[in-house]
Amino acid sequence: MKAFVMKKIGETGWVEKPVPKCSPMGALLKPIALAPCTSDVHTVWEGAVGERTDLTLGHEGVGEIIEVGPLVKDFKPGDKVIVPAITPDWNSLEAQAGFSMHSGGMLGGWKFSNIADGLFSEVFHVNDADGNLALLPEGVDPAAATMLSDMVPTGFHASELADVKYGDTVCVIGIGPVGLMAVAGAVLRGASHVFAVGTRPNCVQVAKEYGATDIISYKEGSIDSQVLKKTGGKGVDKVLIAGGNCDTFAEAVRMLKPGGAIGNVNYLGEGEYIKIPRAAWGVGMGHKKIVGGLMPGGRLRMEKLVSLLVTGRLDTSKLITHRLQGLESIEAALMLMKDKPRDLIKPIVLL
Ligand code: NDP
Ligand code: ZN
């Protein structure tokens, strides 16, 4: 079968691979809709998680089951399912401790396109089908549902990490697809003022539609000085980071009120250290919390999130700006994610 892979750091391409064997608790799927992720870009072109050889890329998609292992109880061939980017081992101690995304070691729940072949192939394998897959409800568009694999759970996780509460003022740094879902998640959790940081016109427009009250350009001066000006010097209760770089944390700390929290879901592809400004961090005593996390995956998370689509509480179709057809267009879709044309939010490939 054909698979689109990371051949080595800085190089992608198509290779022939054998169809994977189904594990006893796993499932084999053929893709229905796929999307590339900015994380694939960090992984391939920045070598952010190290060298990989002919690793199949991709971790966002909806698929149809073609085979299940003998221990799978709840799914069967023909079922259409949402595949989460993070597919933990649910019987691990880390999962029992509440951190399933780190099952088997740090970031160990992130298997596709990291430590196992991903979704960009004619057939792909999912570990622990009962624990990780969720049925695609009747009437839900597979393209919109593909945003549930990673964009929604990651963006929403920023609000969980920072514990956004009713009436909080929030600054969301980065309004690509992840940041846009951070805006939507903060609003769903009751945020009042939401300052959204980004410049691409489509993203700015959609951020407003998801509930951003103010737009800030990081290209027009430091983010913290702009937020502090807009809040009369008070700053915000929570900062959600879904873009920027290692220096972004200093800006976040400076605009945060004492007792505030930063929830980071940005994948830091480059740089060695994060610097925390001593004085703005209350000389070590400001009660300004900094938490960074990989999205929670798994079946329950997918079922809960898709219920927001079913009830119309969330419209993920606004994220999709480019629709391509056929497995071979996955290459063009990934290059869109790498080059980030000004009109891009998220591309989708339909099969
Ligand atoms: P995008 O590249 O589409 O969006 C990045 C955003 O950050 C844009 O709004 C961009 O602005 C803005 N930005 C760029 N530079 C700066 C800066 N210096 N200061 C402030 N803002 C800046 O990315 P995605 O939304 O696709 O992904 C966001 C991040 O989330 C990625 O790093 C991705 O790898 C990561 N991720 C993390 C996951 C997790 O589980 N933790 C899972 C999935 C993704 P502009 O409008 O100008 O382009
Ligand atoms: Zn991703």
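- By the naming in an unreviewed UniProt entry, the protein is Threonine dehydrogenase, taken from Desulforamulus aeronauticus DSM 10349.
- Regarding the protein, the UniProt comment filed under Cofactor (unreviewed entry) reads as follows: "Zn(2+)".
- On record in UniProt, under Sequence similarities (unreviewed entry), the comment for the protein is "Belongs to the zinc-containing alcohol dehydrogenase family."

Things to note about helix 6 (residues 177-188)
Line of reasoning, step 1. Between its terminal C-alpha atoms helix 6 stretches 16 Å, which fits the 16 Å expected from 12 residues at 1.5 Å a residue.
Line of reasoning, step 2. For helix 6, the full list of buried residues reads Pro-177, Val-178, Gly-179, Leu-180, Met-181, Ala-182, Val-183, Ala-184, Gly-185 and Ala-186.
Line of reasoning, step 3. Tucked inside the fold, the buried residues of helix 6 contact helix 5 (151-162), strand 9 (170-173), strand 10 (194-197), helix 7 (201-210), strand 12 (236-241) and strand 16 (346-350).
Line of reasoning, step 4. At the exit of helix 6 stands Gly-190, carrying a positive phi of roughly 100°.

Concerning the pattern of salt bridges
Opposite charge on two side chains permits them to pair, given that their charged atoms come into close proximity.
Line of reasoning, step 1. For the structure on display, the rule yields 15 salt bridges.
Line of reasoning, step 2. One salt bridge in this structure joins Arg-301 and Glu-160, with 2.8 Å as the shortest N-O distance. You can see Arg-301 sitting in helix 10 (residues 299-310) and its partner Glu-160 sitting in helix 5, a full 141 residues away along the chain.
Line of reasoning, step 3. By relative accessible area, Arg-301 is classed as buried at 15%.
Line of reasoning, step 4. One salt bridge connects Lys-165 with Asp-163, and the closest N-O pair in it is separated by 2.7 Å.
Line of reasoning, step 5. Accessibility expressed as a relative area gives 46% for Lys-165, which makes it partly exposed.
Line of reasoning, step 6. Looking at Asp-163, the relative accessible area reads 33%, which means it is partly exposed.
Line of reasoning, step 7. Via salt bridges that share partners, Asp-74, Arg-299 and Glu-303 belong to a single interconnected network.

Some details on the nonpolar core
Line of reasoning, step 1. Leu-148, Met-181, Tyr-210, Leu-240 and Leu-314 are the most contacted members of the largest nonpolar core, which totals 54 residues.
Line of reasoning, step 2. At the level of secondary structure, the elements contributing two or more residues to this core comprise strand 3 (27-35), helix 4 (142-146), helix 5, strand 9, helix 6, strand 10, helix 7 and helix 10.
Line of reasoning, step 3. With seven residues, the single largest contributor to this core is helix 6.
Line of reasoning, step 4. Both domain 1 (2-150 + 295-350) and domain 2 (152-292) contribute no fewer than three residues apiece to this core.
Line of reasoning, step 5. Tyr-210 has contacts with Leu-180, Met-181, Val-183, Ala-184, Val-187, Leu-314, Asp-315, Thr-316, Lys-318 and Leu-319, leaving out every residue within four places of it along the chain.

Looking at the confidence of the model for the protein
Line of reasoning, step 1. On average, residues of the protein score 97 in pLDDT, and 100% of them reach the 70 mark or higher.
Line of reasoning, step 2. Across the protein, strand 9 holds the top mean pLDDT of 99, while helix 1 (residues 38-45) sits lowest at 94.

Brief notes about the environment of Ile-330
Line of reasoning, step 1. Counting through the fold element by element, Ile-330 comes out in helix 11 (residues 330-339).
Line of reasoning, step 2. Look at Ile-330 and you get buried, because its relative accessible area is 0%.
Line of reasoning, step 3. Distance from Ile-330 to Ala-35, taken between C-alpha atoms, is 7.7 Å for residues 295 residues apart in sequence.
Line of reasoning, step 4. Ignoring any residue separated from it by four or fewer positions in sequence, one finds Ile-330 in contact with Phe-4, Trp-14, Leu-34, Phe-120 and Val-349.

Examining the sheet that holds strand 4 (residues 55-56)
Through backbone hydrogen bonds, the strands of a sheet pair up, either in parallel or in antiparallel fashion.
Line of reasoning, step 1. On the basis of which strands lie adjacent, the open sheet formed by three strands has the order 2-1-4 and antiparallel pairing. Each edge of the open sheet is held by one strand with a lone partner, namely strand 2 (11-16) and strand 4.
Line of reasoning, step 2. Summarising the sheet, strand 1 (residues 2-8) and strand 4 pair through two bridges and their orientation is antiparallel. Counted as the bridge partner of Met-6 is Leu-55 from strand 4.

Thresholds, definitions, all that
Residues numbered from 1 in each chain as written. Chains lettered and ligands numbered in written order. Predicted model: local features only at pLDDT ≥ 70, side-chain atom pairs only at ≥ 80, totals over all residues. Heavy atoms only, no water. UniProt positions renumbered as here; feature names shortened; annotations may be inferred. Helix = DSSP H or I, 4+ residues; strand = E, 2+ residues; numbered from the N terminus. Expected span 1.5 Å × (residues − 1). Buried < 20%, exposed > 50% of the residue type's maximum accessible area, 1.4 Å probe, protein only. Contact = heavy atoms within 4.5 Å. Salt bridge = Lys/Arg side-chain N within 4 Å of Asp/Glu carboxyl O. Core = buried A, V, L, I, M, F, W, Y, C linked by side-chain atoms within 4.5 Å. Domains from an automatic or database assignment. pLDDT = per-residue confidence, 0-100. Pairing = 2+ DSSP bridges.

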